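# Structural description and commentary
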Amino acid sequence: MATRKRKLPEPPPPPPPEPVPALGAARIRLSEMQGRGGLQCRLCGCCDFRVVRTARVGGAVRRERVCRHCGHRVHTREVVTLA
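## Some points on the overall build of the protein chain
- Assigned secondary structure in the protein chain consists of 1 helix and 3 strands.
- In the protein chain, the order of α-helices and β-strands from amino to carboxyl end is α-β-β-β.
- By the burial criterion, 20% of the 83 residues in the protein chain qualify as buried.
- When the accessible surface of the protein chain is totalled, it reaches about 7,200 Å², and 53% of it is carbon and sulfur.

What follows is the structure, encoded as structure tokens:
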């Protein structure tokens, strides 16, 4: 007697990534993103960035990052604050 394999239903697709709040043309505040697990690309939702340029500006560090998935450029400004 031949047994037939039963096809299992496909699982539902994962939910879309949570949208990133609009904070300006290409500015994202890292403090706003800390609860979300880090920086997230506005175009594709990817969280994998490469730093292409770093510069000291006053008492802060300005970094230019590029999304490894879609190439979107993001500028961040990091400031150390003492609690």
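There's more to say after this.
## Some remarks on the pattern of salt bridges
- Going through the model one piece at a time under the given rule, you end up with 5 salt bridges.
- Ionic pairing is found between Arg68 and Asp48, a salt bridge with its closest N-O pair at 3.4 Å. With Arg68 in the loop between β2 (60-67) and β3 (73-79) and Asp48 in the loop between α1 (30-33) and β1 (49-57), this residue pair connects regions lying 20 residues apart in the sequence.
- For Arg68, a relative accessible area of 51% puts it in the exposed group.
- Given a relative accessible area of 40%, Asp48 falls into the partly exposed group.
- The shortest N-O distance in the salt bridge between Arg65 and Glu78 comes to 2.7 Å. Linking Arg65 in strand β2 with Glu78 in strand β3, this pair joins segments that are 13 residues apart in sequence.
- Judged by relative accessible area, Glu78 falls into the partly exposed class, the value being 22%.
- Here the salt bridges do not stand alone but share partners, grouping Arg53, Glu64 and Arg73 into one network.

## So, the side chain of Glu64
- Secondary-structure assignment places Glu64 in strand β2.
- One polar contact links Glu64 to Arg73, side chain to side chain, over a distance of 2.6 Å.
- Filtering out sequence-adjacent residues up to four positions away, Glu64 remains in contact with Arg50, Val51, Val52, Arg53, Arg73, Val74 and His75.

## Description of the sheet that holds β1
- Strand order in the open sheet formed by 3 strands is β1-β2-β3, with antiparallel pairing between adjacent strands. The sheet is open, and its two edges are formed by β1 and β3, each paired on a single side. Averaged over neighbouring strand pairs, the angle between their axes works out to 25° when direction is ignored.
- Two elements, β1 and β2, share 8 bridges in a ladder whose sense is antiparallel. Residue pairing across strands places Arg50 opposite Val66, the latter belonging to β2.

Rules used in this analysis
- Residues numbered from 1 in each chain as written.
- Predicted model: local features only at pLDDT ≥ 70, side-chain atom pairs only at ≥ 80, totals over all residues.
- Heavy atoms only, no water.
- Helix = DSSP H or I, 4+ residues; strand = E, 2+ residues; numbered from the N terminus.
- Buried < 20%, exposed > 50% of the residue type's maximum accessible area, 1.4 Å probe, protein only.
- Areas by Shrake-Rupley, 256 points an atom, 1.4 Å probe, with all protein chains shown as cover.
- Salt bridge = Lys/Arg side-chain N within 4 Å of Asp/Glu carboxyl O.
- Polar contact = N/O pair within 3.5 Å; in protein donor to acceptor, adjacent residues only side chain to side chain.
- Contact = heavy atoms within 4.5 Å.
- Pairing = 2+ DSSP bridges.
- Axes fitted to C-alpha atoms, helices over the stretch in contact; angles between N-to-C directions.

Any functional reading would require information beyond the geometric quantities listed.
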